[in-house]
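A look at the structure
If you want the building blocks of each chain, they are given just below.
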Amino acid sequence: MMKRDECLKVLARHRKDAIVVAVYMAAQELIHISPNDLNYTFTGAMGQGSSHGLGLALGRPDKRVIVLDGDGSLLMNLGSLVTIANAAPKNYVHCLCENGTYETNGSVPIPRAGQIRFTELAKAAGYRRTYEFSKIEDWDRELDKIIREDGPIFVDLKMEPGEQYPEDFRRLYSIEYRDKFRQALKSS
Amino acid sequence: MADRMLKAEDIIREIKRAGIRFIVALPDRVTSQHLLKPMLQDPDFKVVQVCKEDEGVSICSGLFAAGQRSLLLMQYTGLLDSVNALRGVAIEGQNPVCMMVGLLGKEPDVAPTQSKKYGVKIIEPILDAMGIEHHWVEASADAHKIVPAIETAYARTRPVALLIGREPT
C-alpha cells in the first residue's frame, strides 16, 4: 500500500508537460505537491473526471492526459471505461487512486471495498494496457514508460492517506484557474 | 405545409456553420435516423458515443478547455438524467455545453409545455429553473436559431439547449 502524497510526488517528478486531471483528495494534494497551470481540477460533479479527461485528450491529441480518478468516483461513472476504450485516445492514462473509501464524504467504505478488480473491468472494457501498483518503487520505476506508451492505459494505484494538506474547494473549482488552464494549454 | 417540415440537412448545415466538429451522442429515436447516422458517416464530424449522457456534459467541457467546439446530441430523458452534471459542470463551472435534445413523444405543432407527455412538458420549466437558455426547433424555418444560439453559448461560456420538436426527415 502506498501513501497518496508519495504517489503524487512520483507523478510530479515524471509528468513533464502532461495535463493532469484530478478529483477530490488527489486534486486537493496535487495543487500543493505539483502546482502547475496544466492541472485540471474543475470537474464539477462526482464521477466526471474521466470524462473531462477524455474531452481534453480528444481535443489535444498532441498532449498526454493523465487522469487521477477515485474508486468511488469511477463506480459512479463506470460506463466511461467503455466510452474511453471506444474513443481510444492514444494519449490517455487513467490512474485510479484506490483507497477503498469515499474519503471526502466521511471515509465510508465503497461497496465491495478491496474486492473489485478494477484492472479487469478496464481490460474487459477494452483499454489497451493495464497496470496495478502497491509499492512506490514499482510506480516510480514504471511511470516514465507508461507515460510514453500508446493508450488508453489504466493504472490501479493501491493507496492510503499520507501527509495531510489543506483542503481548498474554491481553488479546485475556480473559473479563474480554469481560464488560466485554457490559456496555458493554448500556448503549450 | 412544406415549411412545417424539419429537414435534417438544414440542421446539419447549421451545426457545421457554427464551427462544431465534435458530436458527443447517445442515440435518441427522434434524431438517430436522420441526424446521428449521417453524422457517423460524415468526415467533417468526429462522433464520440457515450454510455450515459452526463459523461457527454463533461466531455464537451474538456473539449472546450482544449479549444474545440462540440454538440451533445441526446433525448430529453438524458437531459433529465444529467441535471447534476449540468448544475455543477455546465452552470457553476461556466462551460458552453451545447445540447441538441430530441423531445420524444411531443405532439406535432404543440408547444412542449402544452404536451400531454409529462416528461416533455417539464423540460422547459426545468431549464428555466436552472437558468439554461433554450430554443425550440420544430420546422426548417427554425434552423436559423442554431448558429446564434451556439455562438452566444461560447461567447458567454454558458450552456444552451436546442429542443428538437419533431423527427427531422
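Residues numbered from 1 in each chain as written. Chains lettered and ligands numbered in written order. Predicted model: local features only at pLDDT ≥ 70, side-chain atom pairs only at ≥ 80, totals over all residues.

**Some words on the interface of chain B and chain A**
- Each side of the interface is counted separately: chain B has 24 residues, and chain A has 28 residues.
- Considering every element that reaches the side of chain B that touches chain A, the biggest residue donor is helix α3 (residues 53–65) of chain B, with eight residues. (Contact = placed C-beta atoms within 7 Å. Helix = DSSP H or I, 4+ residues; strand = E, 2+ residues; numbered from the N terminus.)

**A look at the packing of helix α5 (residues 79–87) of chain A against helix α6 (residues 118–125) of chain A**
Residue and element names in this part refer to chain A.
- Their axes nearest at 8 Å, the elements α5 and α6 cross at an angle of 45 degrees. With respect to α6, the element α5 is oriented oblique. Two packed elements cross with a definite hand, and for α5 against α6 that hand is right-handed. Judged by residue contacts, Leu-81, Val-82 and Ala-85 of α5 engage Leu-121, Ala-122 and Ala-125 from α6.
- Grouping the amino acids of the contact of α5 with α6 by side-chain chemistry returns six nonpolar, no polar and no charged. (Axes fitted to C-alpha atoms, helices over the stretch in contact; angles between N-to-C directions. Parallel < 35°, antiparallel > 145°, perpendicular 65-115°, else oblique. Left-handed = near helix turned anticlockwise from the far one by under 90°. Nonpolar A, V, L, I, M, F, W, Y, C, P; charged D, E, K, R; others polar.)

**What about the confidence of the model for chain B?**
- Per-residue pLDDT for chain B has a mean of 96; in total, 98% of the residues score no lower than 70.
- Complex prediction metrics read pTM 0.97 and ipTM 0.97. (pLDDT = per-residue confidence, 0-100.)

**Quick notes on helix α3 (residues 49–59) of chain A**
- Among the eleven residues in α3(A), eleven count as buried, and that is most of the element.
- Here α3(A) has its buried residues at A:Gly49, A:Ser50, A:Ser51, A:His52, A:Gly53, A:Leu54, A:Gly55, A:Leu56, A:Ala57, A:Leu58 and A:Gly59. (Buried ≥ 20, exposed ≤ 12 C-beta atoms within 10 Å, placed from the backbone.)

**As for the sheet that holds strand β3 (residues 70–75) of chain B**
Residue and element names in this part refer to chain B.
- One open sheet holds the six strands; their spatial order is β2-β1-β3-β4-β6-β5, and the pairing between them is parallel. Each edge of the open sheet is held by one strand with a lone partner, namely β2 (46–49) and β5 (133–137). Across this sheet, the average inter-strand angle for adjacent strands is 20 degrees, counted without regard to direction.
- Where strand β1 (residues 22–25) and β2 come together, four bridges link them in parallel fashion. For Ala-25, the partnering residue across the bridge sits in β2 and is Gln-49. (Pairing = 2+ DSSP bridges.)

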